[in-house]
Amino acid sequence: MSKILLVVGARPNFMKMAPLYFEMVKTPGLDPLIVHTGQHYDYVMSQAFFEDLELPQPHHFLGTGSGSHAEQTARIMVEFEKVVLAERPDLVVVFGDVNSTVACSLTAKKLLVPVAHVEAGLRSFDETMPEEINRRVTDAISDLLFTPSPDGDENLIRDGVPESKIHRVGNIMIDSLVSVLTKINQDHQDQIVGRFGLEKRRYVLVTLHRPSNVDDRNGLAPILAYLNKLAAEIPVLFPIHPRTRKNIETLGLGASLHAGLRTVEPVRYREFITLEKNAGFVLTDSGGIQEETTYLGLPCLTLRPNTERPITITEGTNELVDMSTIERQSAKILAGRWKQGRIPSLWDGRTAQRITKVVAEYTAGK
Ligand code: UD1
Ligand code: UDP
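As the structure is a computational prediction, the values presented were derived from the model and not from experiment.

K.L.:
Explain the site of ligand 2 to me, please; I cannot follow it from the model alone.
P.N.:
The full set close to ligand 2 counts 19 residues, and Arg210, Val267, Ser286, Gly288 and Glu292 are the nearest of them. Here ligand 2 has 530 Å² of accessible area as a free molecule, and 97% of this is covered by the chains. Breaking the shell around ligand 2 down by element, the ones donating at least two residues are helix H1 (11–25), helix H12 (269–277) and helix H13 (287–296). A class-by-class count of the residues in the shell around ligand 2 yields eleven nonpolar, four polar and four charged.

Put into structure tokens, the structure is as follows:
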């Protein structure tokens, strides 16, 4: 039996891990265990996802919590090292680009445990983003690199990663999306949209949490001013990430929020997908939401100067905006003049199967 540790920590990790856990559990010879670092810990940022994705409780919960980059990364490494020493896994699988990803891949590698990186090869080429550092370091030391799209393979090859380590398997986040879409029927969708006081297609869904947008007044104040303006035209639903909520409070910007701007707590996964599916368009700086909207064929404006997911622009429904273009681009969407897009190759709900096949062969051969 090969023991596989699946490591998660932050919101965007859970829906990437779930399909792989379920696929591995039913694969003879594989014994997957879930390790949750506790990087995210609020109920709506963590436990609610385990419930909506029908996951068991994590086998190990490290409870590391928030802190500066060094504090958080170091704490995760110290706690994860104990788990690796106790469990002696055959493989550690990490997801995405958060601090838990880099901390656990470094820890495993130094204990001579091989590492698989799911969502390898993405690059924004913007080293001011902590995620870019996390991706580069994780990819540099991983033994199996699972990419979602051809640009991932190209970036890795350019960085000198041997082709034999790279496996293009598609986008695992779409596996969870496909699965949850089969579970939310029309009545359920009507109820959820109605509960937020909204009408289908007649609202904009907003999420923002990138430090460059939300950590200082120069970034955040103009964005909130724009959202107030938009809310006078069409209802805007803004589930606020804890980082952003904290900054709105600290910077004293709460009072400036327009009544039409519906600010709520982060929304649990099934509800959020329902709200995404039925929105008029999405405005975000999230990585994963750019991909989900491309799959759903829903217009997406990404408030960032770059993206590590360029395929969502070249093939999908996404466009980058800044404060000088956002108004023009949203008017274009509201006027019904937006590109159609298509679903990228291998974003088909079967990525977990492809990864599991590679992992089973890899661990059997060791
Ligand atoms: C992290 C990831 C980012 C990812 C995002 C997804 C890193 C470096 N960043 O950013 O790549 O896009 O998650 O959501 O790994 N907080 C709470 N409750 C929680 C979690 C966080 O209140 O459950 C607050 C704390 O004040 C914390 C702050 O949010 O200091 C930031 O949390 P952190 O995990 O450091 O980074 P995120 O901004 O969430
Ligand atoms: N998401 C959610 N509720 C929210 C906001 C996002 O369920 O209120 C989901 C979203 O559908 C996607 C994932 O969280 O699956 C994206 O995570 P996030 O934006 O936190 O991180 P990023 O992708 O930017 O790293």
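Next comes the rest of the description.
K.L.:
Sorry, what's going on with helix H4 (residues 99–110) here?
P.N.:
Side chains of residues three or four places apart in an α-helix project in the same direction, reflecting 3.6 residues per turn. Between its first and last C-alpha atoms H4 spans 17 Å; for twelve residues at 1.5 Å apiece the expected length is 16 Å, and the two agree. Within H4, nine of the twelve residues are buried, leaving the element largely enclosed by the surrounding structure. Among the residues of H4, those classed as buried are Asn99, Ser100, Thr101, Val102, Ala103, Cys104, Ser105, Thr107 and Ala108. Taken together, the buried residues of H4 touch strand S1 (2–8), H1, helix H3 (69–87), strand S4 (91–95), strand S5 (115–118) and helix H5 (130–141). Phi for leucine 112, located one or two positions after H4, is positive at around 65°.

K.L.:
Can you walk me through the sheet that holds strand S3 (residues 60–61) in this structure?
P.N.:
In spatial order, the strands read S3-S2-S1-S4-S5-S6-S7; together these seven strands make up an open sheet with parallel pairing. Whereas interior strands pair on both sides, the edge strands pair on one side only; in this sheet they are S3 and strand S7 (166–168). Of the pairings in the sheet, the one linking S5 to strand S6 (residues 144–147) comprises three bridges and is parallel in character. Residue alanine 116 lies in a different strand from S6, and its bridge partner there is leucine 144. Here H1 sits on the sheet in contact with S1, strand S2 (30–36), S4 and S5, set at roughly 165° to S1. Helix-sheet contacts for helix H6 (residues 150–158) involve S6 and S7, and the interaxial angle to S7 is about 170°.

K.L.:
Hey, could you run me through the site of ligand 1 in this one?
P.N.:
Taken together, 19 residues lie around ligand 1, and His40, Asn99, Glu131, His209 and Arg243 are the ones closest in. Note that an oxygen atom of ligand 1 is positioned 3.0 Å from one of the side-chain N or O atoms of histidine 241. Contact distances for ligand 1 include 3.1 Å between an oxygen atom and a side-chain N or O atom of lysine 246. When ligand 1 sits alone it has 740 Å² of accessible area, and the protein chains cover 89% of it. The cavity where ligand 1 resides is the largest pocket. When residues of the shell around ligand 1 are traced back to their parent elements, those giving at least two are H3 and helix H11 (242–250). With three residues, the single largest contributor to the shell around ligand 1 is H11.

So, how was this worked out
Residues numbered from 1 in each chain as written. Chains lettered and ligands numbered in written order. Predicted model: local features only at pLDDT ≥ 70, side-chain atom pairs only at ≥ 80, totals over all residues. Heavy atoms only, no water. Near = heavy atom within 4 Å. Areas by Shrake-Rupley, 256 points an atom, 1.4 Å probe, with all protein chains shown as cover. Helix = DSSP H or I, 4+ residues; strand = E, 2+ residues; numbered from the N terminus. Nonpolar A, V, L, I, M, F, W, Y, C, P; charged D, E, K, R; others polar. Expected span 1.5 Å × (residues − 1). Buried < 20%, exposed > 50% of the residue type's maximum accessible area, 1.4 Å probe, protein only. Contact = heavy atoms within 4.5 Å. Pairing = 2+ DSSP bridges. Axes fitted to C-alpha atoms, helices over the stretch in contact; angles between N-to-C directions. Polar contact = N/O pair within 3.5 Å; in protein donor to acceptor, adjacent residues only side chain to side chain. 1 Å grid on protein atoms, 1.4 Å probe; cavity = no way out; pocket = protein on both sides within 12 Å on 5 of 7 lines; lining within 4 Å. Sits in = over half its atoms within 2 Å of the grid points.

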